[in-house]
Amino acid sequence: MADNLTPAERSRVMSRVRAVDTRPEIAVRRLLHRMGYRYRLHYSELPGNPDIVFPKRRKVVFVNGCFWHRHHCRNGQRLPRSHRRFWRRKLEGNKARDQQNLSKLRKLGYAVRIIWECEVAQICAGQGRRDLRHFLGPPLSRTKKQRISAP
Ligand SMILES: [Zn+2]
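Residues numbered from 1 in each chain as written. Predicted model: local features only at pLDDT ≥ 70, side-chain atom pairs only at ≥ 80, totals over all residues. Heavy atoms only, no water.

**Q** Is there a simple way to think about the overall build of the protein in this case?
**A** Secondary structure assignment for the protein yields eight helices and four strands. Counting from the amino terminus, helix and strand elements in the protein follow one another as α-α-β-β-β-α-α-α-β-α-α-α. Among the 151 residues that make up the protein, the fraction classed as buried is 37%. For the protein, the share of sequence-separated contacts (at least 6 apart) that also reach a separation of at least 24 residues comes to 56%. Within the structure as shown, the protein displays about 9,900 Å² of accessible surface, and the carbon and sulfur contribution to it stands at 51%. (Helix = DSSP H or I, 4+ residues; strand = E, 2+ residues; numbered from the N terminus. Buried < 20%, exposed > 50% of the residue type's maximum accessible area, 1.4 Å probe, protein only. Contact = heavy atoms within 4.5 Å. Areas by Shrake-Rupley, 256 points an atom, 1.4 Å probe, with all protein chains shown as cover.)

Next up, the structure:
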């Protein structure tokens, strides 16, 4: 991108964009809710402040922006045209921090699922539901119903 801003200004602008534009995360939350799951949001007691947390199941889901978290997809590997060194260092730093948080979470006994921004549309269109259910286990409402209808 052509850029008249200093790296610090650009960073501020772009992080503000990200804070407002949380559509991928909301889409995933809606999907999980429709599937019958209940969860907590932005659980700051856990490393990396995971987006969606299932404390009893000891599972967390991150919905990661491809650019900010350096996904291996095209958008994730893109760098702004100016101040490339700054950006590379910043984004690689994000990625390293993500890795550290993942291993901390795993040490605490949490299983982690990362959903990338570029996968969200497909997952919400129905593909990936089974994978999520497999990861999370049966939704609460369903197990309750089964228990009630059992003889
Ligand atoms: Zn991606």
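Resuming the write-up.
**Q** It is not clear to me how the pattern of salt bridges should be interpreted in this structure. Could you clarify?
**A** Pairs can form between side chains of opposite charge whenever their charged atoms are close. Applying the stated criterion across every chain, the model contains three salt bridges. Taking the shortest distance from any N to any O, the salt bridge between Arg-29 and Glu-25 comes out at 3.1 Å. Of this pair, Arg-29 and Glu-25 both sit in helix H2 (residues 23–34), separated by four residues, roughly a single helical turn. Under the relative-accessibility criterion, Arg-29 is labelled partly exposed at 23%. (Salt bridge = Lys/Arg side-chain N within 4 Å of Asp/Glu carboxyl O.)

**Q** Explain the layout of surface pockets to me, please; I cannot follow it from the model alone.
**A** Picture a little ball the size of a water molecule; that probe, rolled over the atoms, points out where space is still empty. Quantified by volume, the second largest pocket comes out at close to 210 Å³. Together, Gly-36, Tyr-37, Arg-38, Tyr-39, Val-53, Phe-54, Pro-55, Lys-56, Arg-57 and Leu-140 line the second largest pocket. A breakdown of the residues in the lining of the second largest pocket according to their chemical character gives six nonpolar, one polar and three charged. (1 Å grid on protein atoms, 1.4 Å probe; cavity = no way out; pocket = protein on both sides within 12 Å on 5 of 7 lines; lining within 4 Å. Points joined across faces, edges and corners; volume = space filled by probe spheres on them. Nonpolar A, V, L, I, M, F, W, Y, C, P; charged D, E, K, R; others polar.)

**Q** I tried to follow the packing of aromatic side chains on my own but got confused; where do I start?
**A** The geometry of two aromatic rings is summed up by the distance between their centres and the angle between their planes. As enumerated under the stated definition, the model contains six aromatic pairs in all. Geometrically, the ring pair formed by Tyr-39 and Phe-54 is edge-to-face, given 6.0 Å between the ring centres and 70 degrees between the ring planes. Of this pair, Tyr-39 sits in the loop between H2 and strand S1 (40–41) while Phe-54 sits in strand S2 (residues 52–54), placing them 15 residues apart in sequence. Of the residues examined, Tyr-39 reaches a relative accessible area of 21% and is grouped as partly exposed. With relative accessibility at 2%, the residue Phe-54 sits in the buried group. Ring plane angle 55 degrees and centroid distance 5.8 Å describe the contact between Phe-67 and Trp-87, whose orientation is recorded as tilted. (Phe/Tyr/Trp six-rings, centres within 6.5 Å; stacked < 30°, edge-to-face > 60°.)

**Q** Teacher, can you tell me more about the sheet that holds strand S4 (residues 111–116) here?
**A** Strand pairing within a sheet occurs via backbone hydrogen bonds; the two strands may be parallel or antiparallel. Judged by pairing direction, the sheet is mixed, and its four strands sit side by side in the order S1-S2-S3-S4 without closing on themselves. Strand pairing shows two members of the sheet lacking a second neighbour, S1 and S4, which therefore form its edges. Where strand S3 (residues 59–64) and S4 come together, six bridges link them in parallel fashion. Looking across to S4, one finds that Asn-64 is bridged to Trp-116. (Pairing = 2+ DSSP bridges.)

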